[in-house]
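Descriptive structure summary
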Amino acid sequence: MSGVDYSVWDHIYVSDDEDATCPFVDTPSLFRMRHRSRLEKMVDFQQRGEDLETNFAECRRLLEEAQGRLAYLEERMREGGEDKEREAELKKVQAEIKKLKQDEESFEKLLEEHRKEEKKLPWNVDTISKDGFSKPLSKEETGEEKVENHKNFLRKYGEKIKHFGMLRRWDDSQQYLSDHPHLVCEETANYLVVICIEYEIDEKHALMEQVAHQAIVMQFILDLARTLKVDPRGCFRQFFSKIKTLDKPYQDAFEHELEMLKERVRSSAQTRMEKTVKELEEEEIQKRLGPRGLDPVEVYESLPKELKRSFDEKNIQMLQDAMSKLDPEEGKYHLQRCIDSGLWVPDSRGDEDGDEDGDEEED
């Protein structure tokens, strides 16, 4: 019976609970610090490998282009005979190809060393399973806890998120997230969209589009993390490597999502402004309601033409004449509505439920 080779398990490191502790330092905090340090080293190691692969691929692309130019020049030389200018250009391209071949060999060697180093790395609690950078499971937050945590996050990092929203260069964004990895999260993406809407409401359209760009950067990082099933802090460098390699389909997808976000922001801003205007109008109506809850503007618009005219000219005699021409029931209806809306104030000496005509004459 063939034996099982257990040597692959010789370098497994499965615990954060190291024996070497300090009596003057809180042990759980010490373990968390060591764990965080190891994660950062793992991310740096992964990024170094990605950078090497990117540089190797770019070097090969440049080499292929240079070889194509060389073949073209050699063909022209054969067809056109000697030409000092072409000869000089030919030598220049040959020197470029020589240098690129050296770079290619160098990158290939570095990549091979990196892969060998990766195989020698001991396993630990973060790499023994597939989801090396997955977040640990935590208890479900209540709605109130989520709101409070969100407020605390914005209170603590709101200004830093705004700063990130103003960055324009890929390298600057990557460096800023390297310095502030805690910003790589859903809260940041959501707050950037809120900032976009506020800028659009204030008609600062250029600033809205700038922050929208950074919101999509954060969203793409989070989407990449979900696809890879890793912590977003462990893969944001991978996003920048991919977006900077001029991968056209990826860039097209980025631009498409950016345009969609800007449209949603404009729509949300418009809806919010319309809602605000409506609320202000309703507030204004509430302020002007009469003693019995009727809107004087609405009541005025519903009056017969002659009654409206008497109110316009503030002519009591004209009002009395207009009322006398109406059917008694209709006149009583309009007069009561005028009283309820505050358009008409009955004589304080009279009884409000008494004879309106008498009140009208006394006024």
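Owing to the predicted nature of the structure, the values given are computational and were not obtained by experimental measurement.

Residues Phe164, Leu177, Met218, Ile221 and Phe239 are the most contacted members of the largest nonpolar core, which totals 39 residues. Among the elements of the structure, helix H3 (143-165), helix H4 (170-179), helix H5 (186-201), helix H6 (205-228), helix H7 (236-243) and helix H8 (248-288) are those that each provide at least two residues to this core. By residue number, the principal contributor to this core is H6, which donates twelve residues. Ignoring any residue separated from it by four or fewer positions in sequence, one finds Phe239 in contact with Trp170, Val217, Phe220, Ile221, Leu224, Tyr250 and Phe254. Phe311, Leu319, Ala322 and Trp344 belong to the second-largest nonpolar core, a separate cluster that totals 13 residues.

An α-helix turns once every 3.6 residues. As a result, residues three or four positions apart point the same way. Taking 1.5 Å as the rise per residue, H6 with 24 residues should run 34 Å; its terminal C-alpha atoms sit 35 Å apart, in good agreement. The positive-phi residue at the C-terminal boundary of H6 is Lys229, with phi of around 60°.

Attention now goes to unusual backbone geometry. Residues other than glycine seldom take positive phi values, yet Glu203 does so here, at roughly 65°. Judged by its relative accessible area of 61%, Glu203 is exposed. Its identity is not glycine, yet Lys229 carries a phi of approximately 60°, on the positive side.

To continue, consider the packing of aromatic side chains. Under the criterion given, the structure shown has eleven aromatic pairs. Connected via pairs of aromatic rings, a cluster forms that spans Trp170, Phe220, Phe239, Phe240, Tyr250 and Phe254. Lying over the aromatic face of Tyr250, Lys242 brings its terminal NZ or CZ to 5.0 Å of the ring centre.

Attention shifts here to the packing of H6 against H8. Interhelical geometry of H6 versus H8 gives an angle of 125° and a closest axis separation of 9 Å. When the axis of H6 is compared with that of H8, the two are oblique. The two elements H6 and H8 cross, and the hand of that crossing is right-handed. Along the contact surface, H6 presents Met208, Glu209, Ala212, His213, Ala215, Ile216, Val217 and Phe220, while H8 presents Tyr250, Ala253, Phe254, Glu257, Leu258, Leu261, Lys262, Val265 and Arg266. Its residues assigned to classes, the contact of H6 with H8 shows twelve nonpolar, one polar and four charged.

Turning our eyes to something else, we now look at H8. Over its 41 residues, H8 extends 60 Å from the first C-alpha to the last, a length consistent with the 60 Å expected when each residue adds 1.5 Å. In the core, the buried residues of H8 are packed alongside H4, H5, H6 and H7.

Further remarks concern the pattern of salt bridges. With the rule as written, the count across this model stands at 19 salt bridges. Here Arg233 ties to Asp231 by a salt bridge, and the two come within 2.6 Å at their closest N and O atoms. Arg233 gets classed as partly exposed once you look at its relative accessible area, which sits at 42%. For Asp231, a relative accessible area of 7% corresponds to the buried category. In this structure, Glu259 and Lys262 form a salt bridge, with 3.0 Å as the shortest nitrogen-oxygen distance.

The subject of this paragraph is the packing of H6 against H7. The geometry of H6 relative to H7 is characterised by a closest axis approach of 9 Å and an angle of 115° between their N-to-C directions. One finds that H6 runs roughly perpendicular with respect to H7. By crossing handedness, the relation of H6 to H7 is classed as right-handed. Contacts between H6 and H7 pair Val217, Phe220, Ile221, Leu224 and Leu228 from the former with Phe236, Gln238, Phe239 and Phe240 from the latter.

Procedures and definitions
Throughout this description, residue numbers start from 1 for each chain and increase along the sequence as written. Residues qualify for local features only when their pLDDT is at least 70, as the model is predicted, and side-chain atom pairs are given and counted only at 80 or more; totals for whole chains, interfaces and linings, by contrast, use all residues. Working from all heavy atoms in the structure, the side-chain values ignore hydrogens and water. Residues belong to one nonpolar core when they are buried, are Ala, Val, Leu, Ile, Met, Phe, Trp, Tyr or Cys, and are joined through side-chain atoms within 4.5 Å. The rule is simple: take the accessible area with a 1.4 Å probe, protein chains only, and divide by the maximum for that residue type; under 20% is buried, over 50% is exposed, in between is partly exposed. In this description a helix means any DSSP run of H or I spanning at least four residues, a strand means any run of E spanning at least two, and both kinds are numbered starting from the N terminus. Contacts are residue-level and defined by heavy atoms, with any inter-residue pair within 4.5 Å sufficient. Expected helix span is taken as 1.5 Å per residue step, with the number of steps being one fewer than the number of residues. Working definition: a ring pair exists when centres of Phe, Tyr or Trp rings (six-membered ring for Trp) sit within 6.5 Å. Plane angles under 30 degrees give stacked, over 60 give edge-to-face, the rest tilted. Consider the ring centre and the ring normal. A charge sits over the ring if Lys NZ or Arg CZ is within 6 Å of that centre and within 35 degrees of that normal. Angles shown run from 0 to 180 degrees and are taken between the N-to-C directions of axes, each axis being a line fitted to C-alpha atoms and, for helices, limited to the stretch in contact. Orientation is classified from the angle alone, with under 35 degrees giving roughly parallel, over 145 giving roughly antiparallel, 65 to 115 giving roughly perpendicular, and any other angle giving oblique. Should the near helix be turned counterclockwise from the far one by less than a right angle, the crossing is left-handed, whereas a clockwise turn marks it as right-handed. As a working rule, the residues Ala, Val, Leu, Ile, Met, Phe, Trp, Tyr, Cys and Pro are called nonpolar, Asp, Glu, Lys and Arg charged, and the rest polar, with Gly in that last group. For this document, the term salt bridge refers to a Lys or Arg side-chain nitrogen within 4 Å of an Asp or Glu carboxyl oxygen.

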